[in-house]
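So the chains spell out like this:
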Amino acid sequence: MKRFTLFFAVASLLWCLAAWAEEPEDYEYVPLVREGIEWTYAAVYHMTDDGPSYFHMQFYGDTVVDGITYKKCYEYQDSEFDPNKAKLAGLAREENKAVYSKVNPELYKESEVLVYNYGAGVNETFSTYDLGYINISAVDFDYVTINGKKRKRIFCYEDNAGQDIAVEGLGFLATIMGNLIDVRPNNIACSDCYRAWLMYVKNLSDGTYEYNADVDDLLGSVEGLTAEESGLRIRKEDGKLYVGIDCDCYRIAELTTVGGMQVWSGSVTATDELEIPTDGLASGVYIVTLRSDFGSVSEKVVL
């Protein structure tokens, strides 16, 4: 019995050392649940032509539920935050690089949900939604530099939702169907529903930005899901993008900015080439994504 105990102890130590060794030497974890930071999201409803609306979120003040201390998380649209006017979106706490939330102010007795697990390794649960019944797994991770400091970036995958990317201290970056503490992936089964994407993360104490979707390209790529050389054949002609279709498995096509803002979406009905209109779009780098039931492929394109 002692031999087995010793074996598992040594194995656990080696695993921890291996995980630790992957961290950069100057790495220091940045929590997500913290005051003085403002998250700004753009949102659209039912893919209307009215353009996105914007809302902000931030943590302010504590409360205790069943002996556990949570930060209050508020949502608001005013330029200045006032906790007396803002909507209480829910509660959140952070422990051992994991963020847990309660998102229904009327039902705080409900079980808390794991929103982010920045300590997750490959093939481990990074996030959950639908009250924790559905898991989003981490498929890869690396580190990015933000304001001179390294942060962990998680590449996630959930069936029928494609790839999601989250960064430590920021949350999910690309298009989602939730908000900062109520995470729901960009599920293609509801392509005309509510969508939100992270635009800015601002430090209110000094006015600096930790993330700016118009400038920062943190979406990156992961082999097998959104490889930069995915093999997609794309040509530009007469104000349109023409994307070669090499599989009848694709269901949804999307065109997004590098910051994750969706500028076009449609069903894939073509069998050889898909047309994506680009008239009216500003010059810059965009991402073409084709989604199937088995995953997605993406390619960057310059307009």
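All values reported here derive from a predicted model rather than from experimental measurement.

We now examine the overall build of the protein. Within the protein one finds 1 helix and 20 strands. In the protein, which comprises 303 residues, the share counted as buried stands at 46%. Sequence-distant contacts, at least 24 apart, represent 49% of the contacts inside the protein between residues at least 6 apart. Approximately 15,800 Å² of the protein is accessible, and the part contributed by carbon and sulfur atoms is 50%.

Turning next to the environment of Ala89. Take Ala89: it is sitting in strand 4 (residues 87-95). Distance from Ala89 to Tyr76, taken between C-alpha atoms, is 9.3 Å for residues 13 residues apart in sequence.

The next point concerns the side chain of Arg151. Here Arg151 lies in strand 9 (residues 149-158). Take Arg151: its relative accessible area is 5%, and that puts it in the buried class. At 3.2 Å, the side chain of Arg151 and the backbone oxygen of Glu168 are in polar contact. A polar side-chain atom of Arg151 sits 2.9 Å from a polar atom in the side chain of Glu210. Contact partners of Arg151, with chain neighbours within four places excluded, come to Tyr27, Val30, Arg34, Asp142, Tyr143, Val144, Ile146, Val167, Glu168, Gly169, Leu170 and Glu210.

Strand order in the open sheet formed by 8 strands is 6-5-4-3-2-1-12-13, and the pairing between neighbours is antiparallel. On the outer flanks of this sheet lie strand 6 (113-117) and strand 13 (209-212), each paired with one strand and no other. Looking at each pair of strands side by side, their axes are set apart by 30° on average, direction ignored. Sheet topology note: the strand 12 (residues 195-203)/strand 13 ladder contains 3 bridges and is antiparallel. By the bridge assignment for strand 13, Lys202 is matched with Tyr209.

This brings us to unusual backbone geometry. Notably, Asn96 is not glycine yet its phi reads approximately 50°, a positive angle. Its place among the elements puts Asn96 in the loop between strand 4 and strand 5 (98-102). The phi torsion at Asp238 lies on the positive side, around 55°, for a residue other than glycine. Within the secondary structure, Asp238 sits in the loop between strand 14 (234-237) and strand 15 (240-244). Since its relative accessible area comes to 66%, Asp238 is described here as exposed.

Calculation notes
- Residues numbered from 1 in each chain as written.
- Predicted model: local features only at pLDDT ≥ 70, side-chain atom pairs only at ≥ 80, totals over all residues.
- Heavy atoms only, no water.
- Helix = DSSP H or I, 4+ residues; strand = E, 2+ residues; numbered from the N terminus.
- Buried < 20%, exposed > 50% of the residue type's maximum accessible area, 1.4 Å probe, protein only.
- Contact = heavy atoms within 4.5 Å.
- Areas by Shrake-Rupley, 256 points an atom, 1.4 Å probe, with all protein chains shown as cover.
- Polar contact = N/O pair within 3.5 Å; in protein donor to acceptor, adjacent residues only side chain to side chain.
- Pairing = 2+ DSSP bridges.
- Axes fitted to C-alpha atoms, helices over the stretch in contact; angles between N-to-C directions.

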